[in-house]
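# Survey of secondary and tertiary structure
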Amino acid sequence: SQVSFEEEGQNPPAVGHWKPLMPSKGDKEEPESGCQDAGGVDEPQSTEQLNVSRLRSSSVEIREKGSEFLKDELHKAQKELKLKDKECERLSKVREQLEQELEELTASLFEEAHKMVREANTKQAAAEKQLREARGKIDMLQAEVTALKTLVITSTPSSPNRELHPQLQSPSKAGFRKGHGRNKSTSSAMVSAASQNVAPEPVSRECKEVDSILFAEFQAWKESPTLDKSCSFLDRIYREDVGPCLDFTKQELSELVRVAVEQNTLTIEPVASQTVPVGKVAAEECGGPKKCALSGLPRTCKHRIMLGDSGNYYYISPSCRARITAVCNFFTYIRYIQQGLVRQDVELMYWEVMRLRREMSLAKLGFYPSEM
């Protein structure tokens, strides 16, 4: 016990005057027992009680210090948790802001992409429209050139066109063309004078009635005109008019002629207006002035055809030329309608198509003008 007091830094109490730090109930009942016999049997028991009390006091201090340490740690953990919560909240706001900016950027990019696509489609549509208009103008000019060529080349030294050369007409017909062409009064007077000498003939007026089925097919085609023969309007005309009109004895050459007519690459030339060397004619031309290349029959051929840019010529008879010309006139007119060059009422266009169909039917049956 004396060693223990020295470790605590205190002087040992006198024998017989020592009191425990934490007296118990038993101590109250025997307060003087240790003092009466300090060196006796009770001294080890008091030492043991002192050790127990020290252990108890040290455990209490440890508990208090532990609780204070835990409380400090708890406060620190709470503060760190609050800081982490604030940091998490700040990061959540940053993430939401980034997501919003990303969505806005994505939306703006998509909008810009759609705008670029729309502008590209608009430019492409405008370019395609200009291309179609240019092709339409080219087709129109080619058709006009072909028509003018056909009109001009019919007047040759061997067979001049009397409509282009009025001086070659008979005196009875030339009398109507005398005088100045712009003097309407003189012309009307001459016509009235001539009509007095000629007996009036009964005039037969042609009656026409629109076929509802044909007119409905033409109206449907007019809404979106095309040269595709899969539509009902052109399919009927191909079956009833174009096909029979271009069906010649030479089937292979007939098919080539039909394709050239559809592609507008067929050329018709009079024989007398071209001076080709004899050797070249014999090597390149089919048929001859006395034999038709399409029908294979001996006929007087005044014209010949060339398919595209092949350079090969084929002699054709006046009947075959009339059939090909009738089909070409039909395709030229529907191309004009497709290109928007015909400014007429739908019914007038329908009757013009019917007139062209009648020319194809008559040509197929063998009727053609004498000047061919």
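Residues numbered from 1 in each chain as written. Predicted model: local features only at pLDDT ≥ 70, side-chain atom pairs only at ≥ 80, totals over all residues. Heavy atoms only, no water.

On to the overall build of the protein chain, then. Each helix and strand in the protein chain was counted, giving 12 helices and 3 strands. The buried share among the 372 residues of the protein chain stands at 22%. Considering only intrachain contacts with a sequence separation of at least 6, the fraction spanning at least 24 residues in the protein chain is 63%. A total of about 27000 Å² of accessible surface is found on the protein chain, and carbon and sulfur atoms cover 55% of it. (Helix = DSSP H or I, 4+ residues; strand = E, 2+ residues; numbered from the N terminus. Buried < 20%, exposed > 50% of the residue type's maximum accessible area, 1.4 Å probe, protein only. Contact = heavy atoms within 4.5 Å. Areas by Shrake-Rupley, 256 points an atom, 1.4 Å probe, with all protein chains shown as cover.)

A word on the nonpolar core. Most often, soluble globular proteins keep nonpolar side chains buried together rather than apart. One finds Val242, Leu294, Ile305, Ile324 and Phe330 to be the most contacted residues of the largest nonpolar core, which totals 46 residues. For this core, the elements supplying multiple residues, two or more each, are helix H7 (212-223), helix H8 (232-245), helix H9 (251-262), strand S1 (266-270), strand S2 (303-307), strand S3 (313-316), helix H11 (318-338) and helix H12 (346-365). It is H11 that provides the largest number of residues to this core, a total of 9 residues. Look past the residues within four positions of Ile324 in its chain and what remains in contact with it is Leu246, Phe248, Val257, Val261, Leu266, Ile268, Leu294, Ile305 and Ile316. (Core = buried A, V, L, I, M, F, W, Y, C linked by side-chain atoms within 4.5 Å.)

What the rule picks out here adds up to 8 aromatic pairs. Residues Phe215 and Tyr350 carry aromatic rings whose centres are separated by 5.3 Å and whose planes lie at 90 degrees to one another, so their mutual orientation is edge-to-face. With Phe215 in helix H7 and Tyr350 in helix H12, this pair connects stretches of sequence that are 135 residues apart. Between Trp221 and Phe233, the aromatic rings sit 5.1 Å apart at their centres with planes inclined by 35 degrees, giving tilted as the arrangement. Taken together, the residues Trp221 in helix H7 and Phe233 in helix H8 connect sequence positions 12 residues apart. The exposure classification of Trp221 matches that of Phe233, with both residues buried. Taking NZ or CZ as reference, Lys229 lies 5.1 Å from the ring centre of Tyr238, over its face. Lying over the aromatic face of Tyr313, Arg304 brings its terminal NZ or CZ to 4.0 Å of the ring centre. (Phe/Tyr/Trp six-rings, centres within 6.5 Å; stacked < 30°, edge-to-face > 60°. Lys NZ or Arg CZ within 6 Å of the ring centre and 35° of its normal.)

With 69% of its residues at a pLDDT of 70 or more, the protein chain shows a mean pLDDT of 76. Overall, residues 23-38 carries pLDDT values under 50, and its contacts beyond four positions in sequence, including any with other chains, amount to 8 contacts. Confidence over residues 164-201 falls short of pLDDT 50; this stretch has 19 contacts with residues more than four positions distant or in other chains. (pLDDT = per-residue confidence, 0-100.)

Note that an α-helix has 3.6 residues per turn; residues three or four places apart therefore point the same way. Between its terminal C-alpha atoms H11 stretches 30 Å, which fits the 30 Å expected from 21 residues at 1.5 Å a residue. Within H11, 15 of the 21 residues are buried, leaving the element largely enclosed by the surrounding structure. Note on H11: the residue one or two positions beyond its end, Gly340, has a positive phi of about 75 degrees. (Expected span 1.5 Å × (residues − 1).)

This brings us to the environment of Glu209. Mapped onto the fold, Glu209 is located in the loop between helix H6 (184-197) and H7. When the C-alpha positions of Glu209 and Trp351 are compared, they lie 9.8 Å apart, and in sequence the two are 142 residues distant.

To continue, consider the packing of H8 against H12. Their axes nearest at 8 Å, the elements H8 and H12 cross at an angle of 30 degrees. Taken together, H8 and H12 sit at an angle that is classed as roughly parallel. Between H8 and H12, the residues in contact are Phe233, Arg236, Ile237, Glu240, Asp241, Val242, Pro244 and Cys245 and Val353, Arg357, Met360, Ser361, Ala363 and Lys364, respectively. Classifying every residue of the contact of H8 with H12 gives 8 nonpolar, 1 polar and 5 charged. (Axes fitted to C-alpha atoms, helices over the stretch in contact; angles between N-to-C directions. Parallel < 35°, antiparallel > 145°, perpendicular 65-115°, else oblique. Nonpolar A, V, L, I, M, F, W, Y, C, P; charged D, E, K, R; others polar.)

The next point concerns H7. With 12 residues, H7 should cover 16 Å at 1.5 Å per step; its first-to-last C-alpha distance of 17 Å lies within 8% of that length. Here H7 has its buried residues at Leu214, Phe215, Glu217, Phe218 and Trp221. Buried residues along H7 cover an arc of 160 degrees about the axis, so they all sit on one side. More than 90 degrees from the buried face of H7, the exposed residues found are Ser212, Ile213 and Glu223. Its buried side turned inward, H7 meets H8, H11 and H12. Capping the start of H7 is the job of one residue whose side-chain oxygen sits 3.1 Å from the backbone nitrogen of Ile213: Asp211. (Arc of directions from axis to C-beta. Polar contact = N/O pair within 3.5 Å; in protein donor to acceptor, adjacent residues only side chain to side chain.)

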